[in-house]
Amino acid sequence: MKKILVGMPLILAPATAVQAANGVEKEQTMVVTAAPDRGLSPLTAPGAVSVDYGDDLRQARPQVNLSEGLSDVPGLQIQNRQNYAQDLQLSLRGFGSRSTFGVRGIRIYQDGIPSTMPDGQSQISNVDLSSVESIEVLRGPFSALYGNASGGVINITTERGRQPTTLSTSNYYGSYGSWRSGVRLSGATGEGDAPGDLNYDLTTSRFSTHGFRDHSSAHRDLTNAKLGVNIDDRSSLTLSFNSVNIKANDPGGLTREEWRSDPHQAPRAEQYNTRKTVSQSQLGLRYQRAVTDNDDFSMTAWAGMRETVQYQSIPYFVQQRSRQHAGGVIDLTRHYQGIDTRWTHRMTEGPLPVSFTAGIDYETMTEQRRGYENFIYSNGHYTLGEKGDLRRKERNLMWNVDPYLQTSWQLTERLTLDAGVRYSSIWFDSNDHYVVPGNGDDSGEASYHKWLPAAALKYTLTDAWNVYTSVGRGYETPTINELSYRNDGQSGLNFKLKPSTSDTVEVGSKMRVGNGLISAALFETNTSDEIVVASSNNGRTSYQNAGKTRRRGVELAWDQQFMDSWRTKLAWTLLDATYREDAGANIKSGNRMPGIARNSLYASLGWLPEQGWYAGGEVRYLSRIQANDANSASAPGYTTVGLNTGYKFVKDNWLLDVWGRVDNLFDRDYVGSVIVNESNGRYFEPAPGRNYGVGMTLSYRFE
């Protein structure tokens, strides 16, 4: 199997040996980045950490969605909505499950740049899997040290250009008229590591699909570029650019009766021509310097813009009923920027080796939001699916300032203590410019401040086996969308809505077994002021705090390479997520939280030589999922099977990889995701039946 060197930018303590995710010790090579960005493996990190590598994510896969390859991460539930007008449905340890669009409760980074806005909203549509080097998932208490999130952290690192220069193209063709085509150029001048050397990696791709469901066609263009230069033997500068353009129809959700009768249908979507366009571009710059042998400095700055226009299926008569209604067309422009600066000092001499990392994170976002009617009325006739009169116009400003401190103490030869604290401050300022009779001024401002401590003790029993325990506090503020409306129908921001606060305790163990890693984690998270839907009427949703909730569970993972080219993976999650207090008419103590499967299981087995024939299979199981807080509707559990095979041909500087796969082998009829608390009972987003795909990658190395 191919050896891969890995850096873990989000993990705390420095290490001198870089290890791969399966725990096998690799060459004694230091990752050339500023601390704390020194490699830590999932074996040695004092918390629940999983790593998937780009080569594995691309193995016989379309390279379209993150949901293709992250099922082997316990605690992570990632569902493909079959709707490219919405992001994937993603939750970690049950956090983020309430989201009806985008991602909540999880901090997401790509190349050190947050894909999460200051209010906690994230999006992942800009990830190009053809350029991914690794995806690291941090679950548990230490995720609190990364700000406004409760569930965890997902860190995506794209490839760095290396010698020799390589040009490659990848193509995929699948069911429902789906295809993807991409080109990648990667390389470096000189050896790539000497002063003055440049490294570069450029990828661009286009994806198109007719869609499994009616009115679900989509087109997406992605570009990702990274250019690095070694200024001298101690410092480097990296410039990154990313852009995405999406044009997608929105099929919407179905009632249970509609799903059972015809899962392909999208009746309201065709009536209102529901659709969404997204255009985003961002630029980032990262400077890293080893100031001394024991001191490192890094600074990351970024700026970007995201424009979204979305047409919804809200009936025209509902919008005409009240002047407070925001309309059926969302027109949103966001400008965001930020800077993260940190300093690391290591004290290696003396009886108690220790490292300190201090930093400050500053982020801002300015949002111009407009709402329009999704119809035009003329001469007694309604034309649906067209932008009509203005119904909402506001300017929202969000920013945060978060200083933080992280430390790692080597108490004894076998015992280490990691501890840190972050003081997170977030401000919201909303200015309503649509004040008319019947619609009062919804302007207002709010701020939230919270200390976020975390600590972990790890005891190394042997070089291949350790145990740890960790505690931490996280919090999740309301998003600007959740603050927008009060549940009493009055004007102004929903100031009664408070951030949710979560306290987590976790114990775990990790063991290297040959060329493999076994890990287990047991955790409990108690949350106060959980944010939930208060009411959803006439297209206007308000939120409230639901009191106390509890999430507790077990996570097991096994990743094993054996007999040179065989590899197996197993991930199992048992998650009990319940409300612990009554809140309103629908939430009763003991109810299960919606959008969360109690049991999930993933297993795979593959024959994966470096060239020649390869093949693999995988099984996924997800138990029943509640669709609403009242637990009166649910999506049934399901099991799916996928198979793949391919052939890698290597000749001189050429590599040709041809593959094919089948998913949902037994043509199971199931719900792929649910729209939590959908007010009209249209909870269900069906998944496709048996579907097929073939692909080819061709690359040439210039040597």
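Please refer to the structure higher up on the page.
So, a few notes on the structure that sits alongside this text. (Residues numbered from 1 in each chain as written. Predicted model: local features only at pLDDT ≥ 70, side-chain atom pairs only at ≥ 80, totals over all residues. Heavy atoms only, no water.)

**Considering the pattern of salt bridges**
- Applying the stated criterion across every chain, the model contains 41 salt bridges.
- A salt bridge links arginine 550 to aspartate 576, with the nearest nitrogen and oxygen atoms 4.0 Å apart. Taken as a pair, arginine 550 in strand β27 (residues 548-562) and aspartate 576 in strand β28 (residues 566-579) lie far apart in primary sequence, 26 residues in all. A single burial state applies to arginine 550 and to aspartate 576, both of which are buried.
- One salt-bridge network, in which partners are shared between bridges, spans Asp55, Arg58, Glu133, Glu159, Arg162, Arg184 and Asp201. (Salt bridge = Lys/Arg side-chain N within 4 Å of Asp/Glu carboxyl O. Helix = DSSP H or I, 4+ residues; strand = E, 2+ residues; numbered from the N terminus. Buried < 20%, exposed > 50% of the residue type's maximum accessible area, 1.4 Å probe, protein only.)

**Some remarks on the pairing of strand β34 (residues 654-663)**
- With nine bridges connecting them, strand β33 (residues 638-651) and β34 associate as antiparallel partners. For glycine 646, the partnering residue across the bridge sits in β34 and is tryptophan 659.
- Of the strand pairs in this sheet, β34 and strand β37 (residues 691-702) are connected by ten bridges, and their pairing is antiparallel. If you follow valine 658 over to β37, its bridge partner there is methionine 696. (Pairing = 2+ DSSP bridges.)

**Topic: the packing of aromatic side chains**
- One pass over the structure, following the stated rule, counts 22 aromatic pairs.
- When the ring of tyrosine 377 is compared with that of tyrosine 382, the centres are 4.6 Å apart and the planes differ by 45 degrees; the resulting orientation is tilted.
- Looking at tyrosine 382, the relative accessible area reads 25%, which means it is partly exposed.
- Among the aromatic residues, those joined into a ring-pair cluster are Tyr316, Phe317, Phe375, Tyr377 and Tyr382.
- Between lysine 387 and the ring centre of tyrosine 372, over which it is positioned, the NZ or CZ distance is 4.7 Å.
- A cation over a ring is seen here: arginine 551 above phenylalanine 95, with NZ or CZ 3.7 Å from the ring centre. (Phe/Tyr/Trp six-rings, centres within 6.5 Å; stacked < 30°, edge-to-face > 60°. Lys NZ or Arg CZ within 6 Å of the ring centre and 35° of its normal.)

**What about the environment of methionine 696?**
- Turning to its location among the elements, methionine 696 is positioned in strand β37.
- On the basis of relative accessibility, which here comes to 32%, the residue methionine 696 falls in the partly exposed class.
- Between the C-alpha atom of methionine 696 and that of alanine 290, which follows or precedes it by 406 residues, the distance is 42 Å.
- Ignoring any residue separated from it by four or fewer positions in sequence, one finds methionine 696 in contact with Thr169, Ser170, Asn171, Leu656, Asp657, Val658 and Trp659. (Contact = heavy atoms within 4.5 Å.)

**What to know about the sheet that holds strand β4 (residues 106-110)**
- In space, the five strands of this open sheet follow the order β1-β6-β7-β4-β5, with mixed pairing throughout. Since the sheet does not close on itself, it has two edges, and those belong to β1 (48-53) and β5 (113-114), each with one partner.
- Sheet topology places β1 next to strand β6 (residues 132-139); six bridges connect them, and they run antiparallel. Along β6, the bridge assignment pairs alanine 48 with arginine 139.

**Some remarks on the side chain of glutamine 310**
- Inspection of the secondary structure puts glutamine 310 in strand β14 (residues 295-311).
- With a relative accessible area of 11%, glutamine 310 lands in the buried category.
- Sequence-distant contacts of glutamine 310, defined by excluding residues within four places in its chain, comprise Gln86, Asp250, Arg275, Lys276, Gly328, Val329 and Ile330.

**Notes on the environment of serine 99**
- Along the chain, the position of serine 99 falls in the loop between β3 (89-92) and β4.
- When the C-alpha positions of serine 99 and asparagine 677 are compared, they lie 9.7 Å apart, and in sequence the two are 578 residues distant.
- When near neighbours in sequence (up to four residues on either side) are disregarded, serine 99 contacts Arg81, Gln89 and Arg104.

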